[in-house]
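Architecture and fold: a report
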Amino acid sequence: MKIVKIDPDGFLEDDLKIPAEILRKGGIVAFPTETVYGLGANALDELAVKRIFLAKRRPPDNPLIVHVSSTDSIYRIAKPNRIAEKLIEEFFPGPLTLVMEKREVVPDVTTAGLKMVAVRMPDHRIALKLIELAGVPVSAPSANKSGKPSPTKAEHVIEDFSDEIDCVVDGGKTEIGLESTVVDTTVYPLEILRPGAVTKEMIEEFFDVREIRKAEIARSPGMKYRHYSPSADVLVLTGINVRGEMLELAERLRSSGKKPGLAAMQLGKIHDFPAYDLGKNLEEYAERLFDALRSLDRVCDVIIVEGVEEKGIGAAIMNRLSKAGRIYRV
Ligand code: AMP
Ligand code: MG
């Protein structure tokens with residue numbers, strides 16, 4: 001696997017020539033976006049897309065998001081309706097994926113046989129330039145093995161893959177740290193199939209939208225799978241006095257021979273457990289969450305996480321945590 005290190009603030013087009021060439025020729029290239037690292041392949045090349053499913057061990061009924069670098073290319077692969085057009089105008093490029101009617105050119109493997117295609121334009125200089133140079137739409141699920149926490153650093157990608165992929169573009173840490181919001185624009189009210197940094201509140205400024213409940217997950221095939229999980233058990237505590245409860249639980253687990261670790265916002269040094277600081281606000285929490293799960297997984301067998309209120313990006317955080325482990329209200 002080739003590793004191409006790139007400074008997101010000061011790179012030249014030439015630096016991305018090789019990864020773009022690999023994409024164009026049917027190879028697999030991991031690259032940073034503002035959400036998480038993606039595992040990219042030419043979305044119109046059936047064989048290349050199949051290689052993504054193989055490398056990730058991704059179930060074939062879980063469709064991929066197609067990434068583009070221009071509005072023109074959206075129209076080449078999808079048929080946006082008036083609502084989708086408005087959302088494109090407001091939120092692209094950004095952490096929002098739109099499910100729209102697909103065009104013929106998009107092969108069935110990419111959409112897992114669905115008549116709809118999910119499209120996003122990442123708000124990241126390296127990702128945009130790479131897609132533009134490749135000259136093709138790029139299907140890119142998160143660059144982790146299926147079921148593992150999503151990658152927010154190139155190191156995470158390298159941890160999960162070796163020779164199964166051709167290249168990693170290392171552009172440093174991702175800014176948002178959680179995967180994009182996925183919205184189905186073919187129904188009304190619109191449906192949030194996966195919460196993310198573009199929140200329900202933000203979309204509601206323009207259209208009626210509802211978040212689909214667990215019972216309806218068949219609409220977003222990816223949502224039914226176990227996700228984001230380290231090998232350690234993940235226990236998420238929410239409610240009042242969570243800190244006290246987290247420490248008490250950790251003590252109890254330790255006395256029963258377990259190796260607990262803690263992930264919380266500004267926990268401080270009032271304990272001697274392995275710990276990961278999730279920052280001082282929900283944005284920092286989101287950015288750090290997957291790295292916290294991966295880091296603590298190396299030294300713990302139970303990870304106790306401080307839950308958050310399901311408002312704004314908090315909804316996306318709790319959505320990921322509910323898939324990584326079990327949530328307890330204390
Ligand atoms: P990932 O590739 O890991 O970021 O996951 C992509 C998410 O988008 C999954 O939850 C998929 O189920 C969802 N998705 C992708 N394409 C479609 C589609 N055509 N219709 C509905 N959901 C989709
Ligand atoms: Mg994923």
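All values reported here derive from a predicted model rather than from experimental measurement.

Parameters at a glance
Residue numbers here run from 1 along each chain, matching the order of that chain's written sequence. Chains carry letters and ligands carry numbers; both start at the beginning, A for chains and 1 for ligands, and go up in the order they are written. Per-residue local features are limited, in this predicted model, to residues with pLDDT of at least 70; the limit for side-chain atom pairs, both in listing and counting, is 80 or more; totals at the level of whole chains, interfaces and linings are taken over all residues. Hydrogens are left out, water is left out, and the side-chain values use all remaining heavy atoms of the structure. The convention used is that axes are lines fitted to C-alpha atoms, helices contributing only their stretch in contact, and that angles between N-to-C directions extend from 0 to 180 degrees. Numbering goes from the N terminus for both helices and strands, where a helix is a DSSP run of H or I of at least four residues and a strand is a run of E of at least two. Here the word oblique covers every angle except those under 35 degrees (roughly parallel), over 145 (roughly antiparallel) and from 65 to 115 (roughly perpendicular). For any helix crossing, the convention is left-handed if the near helix is rotated counterclockwise from the far helix by under a right angle, and right-handed if that rotation is clockwise. It only takes one pair of heavy atoms within 4.5 Å for two residues to be counted as in contact. Remark: nonpolar core denotes a set of buried residues (Ala, Val, Leu, Ile, Met, Phe, Trp, Tyr, Cys) joined through side-chain atoms within 4.5 Å. Think of it in three bands: with a 1.4 Å probe and only protein chains considered, a residue is buried below 20% of the maximum accessible area for its type, exposed above 50%, and partly exposed in between. The salt bridge criterion pairs a side-chain nitrogen of Lys or Arg with a carboxyl oxygen of Asp or Glu, the two atoms within 4 Å. Here the term patch refers to residues with relative accessible area over 30% and no salt bridge, with like charges joined within 9 Å and nonpolar side chains (Val, Leu, Ile, Met, Phe, Trp, Tyr) within 5 Å. Each accessible area is a Shrake-Rupley result for a 1.4 Å probe, and residues are judged covered by the shown protein chains and nothing else. Should DSSP find at least two bridges between two strands, the strands are regarded as paired.

**Some details on the packing of helix H10 (residues 282-299) against helix H11 (residues 314-324)**
Between H10 and H11, the least distance of the axes is 10 Å, while the angle of their chain directions is 20°. As far as their axial angle goes, H11 and H10 are roughly parallel. With respect to the hand of their crossing, H10 and H11 are arranged in left-handed fashion. For the pair H10 and H11, contact is made by Leu282, Tyr285, Ala286, Leu289, Phe290 and Leu293 and by Gly314, Ile317, Arg320, Leu321 and Ala324, respectively.

**Overview of the nonpolar core**
By size, the foremost hydrophobic cluster in this structure holds 29 residues, and its most contacted members are Tyr285, Val305 and Ile317. Put simply, the parts of the chain that give this core at least two residues each are strand E13 (233-238), H10, strand E16 (302-306) and H11. Sequence-distant contacts of tyrosine 285, that is, excluding residues within four places in its chain, are made with Met265, Leu278, Val305, Glu306, Gly307, Val308, Ile317 and Leu321. Core analysis: the second largest hydrophobic core is formed by 26 residues, Val68, Ala84, Val106 and Ile192 among them.

**Notes on unusual backbone geometry**
The linkage connecting phenylalanine 92 with the following residue, proline 93, adopts the cis geometry, with an omega of -10°. Checked against the element boundaries, proline 93 lands in the loop between helix H4 (82-91) and strand E6 (96-102). Cis rather than trans, the peptide bond between tyrosine 188 and proline 189 has omega equal to -5°. With respect to the helices, strands and loops of the structure, proline 189 is situated in the loop between strand E10 (181-184) and strand E11 (190-194). Phi is positive for alanine 112, close to 55°, though the residue is something other than glycine. Positionally, alanine 112 belongs in the loop between helix H5 (108-111) and strand E7 (116-120).

**A short note on the pattern of salt bridges**
Counting across every chain of the model gives 29 salt bridges. A salt bridge links glutamate 13 to lysine 129, with the shortest nitrogen-to-oxygen separation between them at 3.2 Å. In this pair, glutamate 13 sits in the loop between strand E1 (2-5) and helix H1 (17-24) while lysine 129 sits in helix H6 (residues 125-134), placing the two residues 116 residues apart along the sequence. A salt bridge links glutamate 101 to lysine 79; the shortest N-O distance between them is 3.5 Å. With glutamate 101 in strand E6 and lysine 79 in strand E5 (residues 78-79), this pair connects stretches of sequence that are 22 residues apart. Residue class for lysine 79 comes out partly exposed when judged on its relative accessible area of 37%.

**Let's talk about a nonpolar patch on the surface**
Judged by side-chain polarity, Met1, Ile3 and Ile158 come together as a nonpolar surface patch covering roughly 240 Å² of accessible area. Within the secondary structure layout, methionine 1 lies in the segment before E1. For methionine 1, a relative accessible area of 32% puts it in the partly exposed group.

**Remarks on the sheet that holds strand E15 (residues 275-277)**
Reading across from one edge, E15-E14-E16-E13-E17 is the order of the 5 strands in this open sheet, with parallel pairing throughout. The sheet is open, and its two borders are formed by E15 and strand E17 (326-329), each paired with just one other strand. Taken pair by pair, the neighbouring strands of this sheet meet at an average axis angle of 20°, ignoring direction. Note that strand E14 (residues 260-264) and E16 share 4 bridges and pair parallel. Paired with glycine 261 across the bridge in E16 is isoleucine 303. Packed on one face of the sheet, H10 meets E13, E14, E15 and E16 and runs near 165° to E15.

By themselves these figures say nothing about function.
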